[in-house]
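Structure assessment
Spelled out, the chains give:
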Amino acid sequence: MFELVPQAQQVLFEVNKAILGKSDEIKEIMTAFLANGHVLLEDIPGVGKTTLAASFAGAMGLDSKRVQFTPDVMPSDLTGFSIYRRDEDKFVFQEGSVFTNLLLADEINRTSPKTQSALLEVMEERKVSVEGVTRTVPDPFLVIATQNPSGASGTQTLPEAQVDRFMITLSLGYPDYNSELEIARSVGAGSRVDIVKPVLNAQTVVQMQNDIHNVYIKDEVYNYILNLVMATRNHPHIERGASPRATIALVKCSKAYAWLEGRQFVIPSDVLTQLKYVLPHRMLLNANAKMGSISKADIISSIAQTVEMPYMGAKK
């Protein structure tokens, strides 16, 4: 069950060579991938999102594609379409961008809702239906989507039901001083992605994802997870709390995180580590929170302190 953990840790090492000073964020993205989930990054331009996706694809030995989402991108650009070939006297299907292992959907909130929906449907179903024919995308199929900060020029906010399809959200943010200094010193030495070496392949990634299901969770921890999620539905500063999909995501990410740590069981601290990535995009603040300048991070912190953590020691 754990013979592949060293290889997963090696992926982290390789990606950290290309993306400096972001080890926590890199580990969390790997956690989501192991849990067979998709990642939404909300960041300003130029912080290394494209390099991040390319580095993961390189280290994991996955085929990857990048789509720059602009208003003129059509659903068929993602799902594919058929064209008539005169030399063959028949229609031939041309695969769209989603037929890959790792897709970087760059600036997803700049394209039309119809195109956004086409991508999010594939993310959920792992297949596309074009002209009455259903085709399955490669396994694994993972998406790193980026969106510009809310309110940025030319953006269209993703509907809540669609954002909920992402397992986690996070932000890379600016690098620290020493990391950015190292980036500056390496200018002109070629792409940082070039130093990333492949460690896995698609089949091994799928095997890792299957191993995650064998990680054990005690009933007390299941109750803890559900109590944390339900606390978002009863909080005085939340208009709409996290959906059952958040419960599922919290279970999967907690298992993946424990596996990555080399443990065959989940402990409460694994769950707490995942809260800030799994819950924020599934919570809608009410007017009182906005007027009081209360952030989602503040609410999650208060929930973590309020909900009783189960005792994991031996029974007396």
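Higher on the page you've got the structure.
Criteria and cut-off values
Residues numbered from 1 in each chain as written. Predicted model: local features only at pLDDT ≥ 70, side-chain atom pairs only at ≥ 80, totals over all residues. Heavy atoms only, no water. Helix = DSSP H or I, 4+ residues; strand = E, 2+ residues; numbered from the N terminus. Contact = heavy atoms within 4.5 Å. Pairing = 2+ DSSP bridges. Axes fitted to C-alpha atoms, helices over the stretch in contact; angles between N-to-C directions. Salt bridge = Lys/Arg side-chain N within 4 Å of Asp/Glu carboxyl O. Buried < 20%, exposed > 50% of the residue type's maximum accessible area, 1.4 Å probe, protein only. Parallel < 35°, antiparallel > 145°, perpendicular 65-115°, else oblique. Left-handed = near helix turned anticlockwise from the far one by under 90°. Nonpolar A, V, L, I, M, F, W, Y, C, P; charged D, E, K, R; others polar.

Next up on the list: the side chain of T79. Relative to the helices and strands, T79 resides in helix α4 (residues 75-79). Beyond its immediate chain neighbours, meaning those up to four positions away, T79 contacts F93, G96, V98, F99, V122, V128 and V130.

The subject of this paragraph is the sheet that holds strand β8 (residues 142-147). Strand order in the open sheet formed by five strands is β2-β5-β8-β1-β9, with parallel pairing between adjacent strands. Looking along the sheet, the strands with just one partner apiece sit at the ends: β2 (64-68) and β9 (168-170). Sheet twist, expressed as the mean angle between neighbouring strand axes with direction ignored, is 15 degrees. Note that β2 and strand β5 (residues 102-106) share five bridges and pair parallel. Looking at the pairing, V67 lines up with A105 of β5. Strands β1 (39-42), β5, β8 and β9 of the sheet are contacted by helix α2 (residues 23-34), whose axis makes an angle of about 165 degrees with β9.

Here we take up the pairing of strand β7 (residues 133-136). Note: strand β6 (residues 127-130) against β7, four bridges, orientation antiparallel. Note on β7: the bridge partner recorded for V130 is V133. The antiparallel hairpin formed by β6 and β7 contains two residues in its connecting segment, where E131 sits at a positive phi of about 55 degrees.

Under the criterion given, the structure shown has eight salt bridges. A salt bridge links R263 to D270; its shortest N-O distance comes to 2.7 Å. Given a relative accessible area of 19%, R263 falls into the buried group. The exposure class assigned to D270 is buried, which follows from its relative accessible area of 1%. What emerges from the salt-bridge pattern is a single network uniting E124, D164, R245 and R282.

Another aspect to go through is the packing of helix α9 (residues 219-233) against helix α11 (residues 268-278). At a minimum axis distance of 10 Å, the contact between α9 and α11 shows a crossing angle of 25 degrees. With respect to α11, the axis of α9 lies roughly parallel. Classified by chirality, the crossing of α11 by α9 is right-handed. Across from V221, Y224, I225 and L228 in α9, the residues of α11 making contact are P268, V271, L272 and L275. When its residues are assigned to classes, the contact of α9 with α11 shows eight nonpolar, no polar and no charged.

The next point concerns the packing of α2 against helix α3 (residues 49-60). The contact between α2 and α3 brings their axes to 12 Å, and the two run at 60 degrees. The angle between α2 and α3 places the two elements in the oblique class. For the element pair α2 and α3, the recorded crossing hand is right-handed. Residues I26, I29, M30 and F33 of α2 form the contact with α3, whose participating residues are L52, F56 and M60. Taken together, the residues of the contact of α2 with α3 break down into seven nonpolar, no polar and no charged.

From the geometry alone we can't say anything about function, so treat these as descriptive.
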